[in-house]
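# Structural characterization, general
One-letter residues, chain by chain:
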Amino acid sequence: MSSFVEKLGSLGFEVDDAALSNYDQSFASISSMLALENLVDDSGTVAASLPVTRAVSSGDGELFRAFKNAGYRIAMAPSAWDGSRCGTIVDDCHNVRVMSNTGYWLLRRTLLAPLVPDLLLHPWTNTSIGQLESLAAMHSDSRRSGAPVLTWVHVALPHAPLHLNAECEIVDAPWRRIYGASAPDEFNTERREAFAEQVACVDSMVLEQLERVIAND
């Protein structure tokens, strides 16, 4: 992570060394970033939910609203996760591929659920890779309007399943296919190492795309 932050600095980004998240769940962090406020009730319980996340991504949040009022065009690429959707405030929506997203979740709710990994090979991972590889292109497409652009991209990676090694090559194994954190205890060490490798892959792809954006814009 330190090398990733150092590279961001070399590209001209300012990184707050003391930045921390108040949450251990993505939907709460995402909602709070878009709303520009902490979405926690008085008891300390996370109050955010899928409807809240969808609401702020639709424009019911200060981040998008502030940029919109300043004359920015809003571009968004939602992930395959159900809480990530383009809202009415978004000018350019770059949705994930239908089969990778809808097909996966529909099959997961049928008797074919155990066969989904074999029927749709690595749908979550491949969709996310496609998003990462398209970051610069998505931003450039929106910039053609001539207006400044806020590009918001929600990529599922490095979230599990943990198919990618540090070189972004797909490595398959039954324990790598598990969505979420749960796995047999004997694979805990392997999963921690696999997660670190997947993070390294994502970091390298993001930096590559940022360099393209800076070079072209």
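Notes on the structure follow. (Residues numbered from 1 in each chain as written. Predicted model: local features only at pLDDT ≥ 70, side-chain atom pairs only at ≥ 80, totals over all residues. Heavy atoms only, no water.)

### Some points on the nonpolar core
Listed in full, the 12 residues of the largest apolar core are I30, L34, A35, V56, L63, F64, I74, M76, I89, V90, L150 and W152. Of all the secondary structure elements, the ones that give two or more residues to this core are α2 (26-35), α4 (62-69), β1 (73-77) and β3 (149-153). With three residues, α2 is the single largest residue contributor to this core. Core analysis: the second largest hydrophobic core is formed by 11 residues, I129, L135, V155 and L157 among them. (Core = buried A, V, L, I, M, F, W, Y, C linked by side-chain atoms within 4.5 Å. Buried < 20%, exposed > 50% of the residue type's maximum accessible area, 1.4 Å probe, protein only. Helix = DSSP H or I, 4+ residues; strand = E, 2+ residues; numbered from the N terminus.)

### A look at the packing of aromatic side chains
Counting across every chain of the model gives two aromatic pairs. Aromatic pair F64 and W152: ring centres 6.3 Å apart, planes at 85°, arrangement edge-to-face. Linking F64 in helix α4 with W152 in strand β3, this pair joins segments that are 88 residues apart in sequence. Judged by relative accessible area, F64 falls into the buried class, the value being 1%. A residue is classified by how much of its surface remains accessible, and W152, at 16% relative accessible area, is buried. Taking the centre distance of 4.9 Å and the plane angle of 90° together, the rings of F67 and Y72 count as edge-to-face. The exposure class assigned to Y72 is partly exposed, which follows from its relative accessible area of 29%. (Phe/Tyr/Trp six-rings, centres within 6.5 Å; stacked < 30°, edge-to-face > 60°.)

### Focus: a negative patch on the surface
Where like charges cluster on the molecular surface, the negative patch consists of E167, E169, E190, E193 and E197. Take E167: it is sitting in the loop between β3 and α9 (188-216). (Patch = residues over 30% accessible without salt bridge, like charges linked within 9 Å, V, L, I, M, F, W, Y side chains within 5 Å. Areas by Shrake-Rupley, 256 points an atom, 1.4 Å probe, with all protein chains shown as cover. Salt bridge = Lys/Arg side-chain N within 4 Å of Asp/Glu carboxyl O. Lys, Arg positive; Asp, Glu negative; His and termini not counted. Charge placed at Lys NZ, Arg CZ, Asp CG, Glu CD.)

### A few points about the sheet that holds β1
Across the sheet, three strands lie side by side as β2-β1-β3; this open sheet has parallel pairing. The sheet terminates laterally at β2 (92-93) and β3, the two strands that pair on one side only. As judged from the five bridges shared by β1 and β3, these two strands associate in the parallel manner. The residue bridging A77 from the neighbouring strand is V153, located in β3. (Pairing = 2+ DSSP bridges.)

### Here we look at unusual backbone geometry
A cis geometry characterises the amide bond from L157 onward to P158, with omega recorded as 10°. Cis geometry is adopted by the peptide bond preceding P161, which originates at A160 and carries an omega value of 10°. Note that P161 resides in the loop between β3 and α9. Of note, the phi angle at L36 is positive, near 60°, even though the residue is not glycine. If you trace the backbone, L36 turns up in the loop between α2 and α3 (50-58). Looking at L36, the relative accessible area reads 54%, which means it is exposed. Phi is positive for C168, which is not a glycine, with a value near 65°. Mapped onto the elements, C168 comes out in the loop between β3 and α9.

### Digging into the pairing of β1
Counting buried positions along β1 gives four out of five residues, so the element sits mostly inside the fold. As paired elements, β1 and β2 share two bridges and run parallel to each other. Its bridge partner being in β2, A75 is matched across the sheet by D92.

### Considering the packing of helix α1 (residues 2-10) against α9
Where α1 contacts α9, the two axes come as close as 11 Å, and the packing angle between them is 5°. It follows that α1 is roughly parallel to α9 by the angle criterion. Of the residues in α9, those touching α1 at F4, K7 and L8 are D203, V206, L207, L210 and E211. In the contact of α1 with α9, the residues fall into five nonpolar, no polar and three charged. (Axes fitted to C-alpha atoms, helices over the stretch in contact; angles between N-to-C directions. Parallel < 35°, antiparallel > 145°, perpendicular 65-115°, else oblique. Contact = heavy atoms within 4.5 Å. Nonpolar A, V, L, I, M, F, W, Y, C, P; charged D, E, K, R; others polar.)

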